[in-house]
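# Report on the structure
Spelled out, the chains give:
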Amino acid sequence: MADADRSRLDEIARDQPPFSQLLGLRIVSATPDEVIAEFEATPGLGNRNGVLHGGALMGVADNIGGTGAFLNLAPGEGTTTVESKTNFFRAVPIGDTARATSICLHKGRKTLVWQTSITRGDGTLAAIVTQTQLVLRPSED
């Protein structure tokens, strides 16, 4: 990969939206085929059962899947989630550090499909989220 391409990917991975900061996401690595992030299960992201809220898990997956989609777009293009499905397997306890790994399953002209696996600190699977990202192209006037 050329230095300019790597620099562009690194910039996209670093330039996270404010919501990712609210979630406490730390991008560990990012390529056009895989994005890995870590985050703490803080009390502010918990539910009334004292574990990480499912919406926080879904938000993490949406954010890093969207980051992966952006890594595949041409300058001027955007993306938005048009479909998302979540399977929850285990709770993530408050205080734990979770890891999210998103891989690209499909790269089409109009859509990209990403699958994110979220594991707890002990390495067990907490959730899998599959999402479809629509490619948004500038309109031609």
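Right above here is the structure, for reference.
Overview of the structure. (Residues numbered from 1 in each chain as written. Predicted model: local features only at pLDDT ≥ 70, side-chain atom pairs only at ≥ 80, totals over all residues. Heavy atoms only, no water.)

### Concerning the nonpolar core
Which entries qualify depends on this criterion: In this text, buried Ala, Val, Leu, Ile, Met, Phe, Trp, Tyr and Cys residues form a nonpolar core when linked through side-chain atoms within 4.5 Å. For every residue, the accessible area (1.4 Å probe, protein chains only) is compared with the maximum for its type, and the residue is labelled buried under 20%, exposed over 50%, or partly exposed between those bounds. In this text, helices come from DSSP runs of H or I with a minimum length of four residues, and strands from runs of E with a minimum of two, each type numbered from the N-terminal end. Whether two residues touch is decided by their heavy atoms; if any such pair falls within 4.5 Å, the residues are in contact.
L25, F39, L52, L57, V60, V92 and I118 are the most contacted members of the largest nonpolar core, which has 24 residues in total. When residues of this core are traced back to their parent elements, those giving at least two are α1 (3-14), β2 (34-40), α3 (54-70), β4 (97-107) and β6 (125-136). Broken down by element, the residue count for this core peaks at five residues, all from α3. Residue contacts for I118: discarding those within four places in its chain leaves F39, L57, V60, A61, A98, R99, A100, T124, L125, A126 and A127.

### What about the side chain of Q133?
To be explicit about the condition: Pairing of N or O atoms within 3.5 Å defines a polar contact, subject to two protein rules: one partner must be a possible hydrogen donor and the other a possible acceptor, and residues neighboring in sequence count only if both atoms are side-chain atoms.
Along the chain, Q133 turns up in strand β6. For Q133, a relative accessible area of 2% corresponds to the buried category. Polar contacts involving the side chain of Q133 include one to the side chain of T81, which spans 2.7 Å. Only 2.5 Å separates the side chain of Q133 from the side chain of Q131, close enough to count as a polar contact. Sequence-distant contacts of Q133, that is, excluding residues within four places in its chain, are made with D62, G65, G66, A69, T79, T80, T81, K110, T111, L112 and W114.

### Digging into the pattern of salt bridges
Defined as follows: Salt bridges are identified by distance alone: a Lys or Arg side-chain nitrogen within 4 Å of an Asp or Glu carboxyl oxygen.
Applying the stated criterion to the full structure yields six salt bridges. For the salt bridge of R26 with E40, the shortest nitrogen-to-oxygen distance reads 3.2 Å. Placement of R26 in strand β1 (residues 26-30) and of E40 in strand β2 is noted, with a sequence separation of 14 residues between them. E77 is paired through a salt bridge with R137; the nearest N and O atoms lie 2.9 Å apart. One end of the pair, E77, is in the loop between α3 and β3 (78-88); the other, R137, is in the segment after β6, with 60 residues separating them in the sequence. On the accessibility criterion, E77 (19% relative accessible area) is buried. The exposure class assigned to R137 is partly exposed, which follows from its relative accessible area of 46%.

### Description of the environment of A13
Within the secondary structure, A13 is located in helix α1. With relative accessibility at 9%, the residue A13 sits in the buried group. Separated by 37 residues in sequence, A13 and G50 place their C-alpha atoms 31 Å apart. When sequence neighbours within four positions are dropped, the list of residues in contact with A13 reads I27, A30 and T67.

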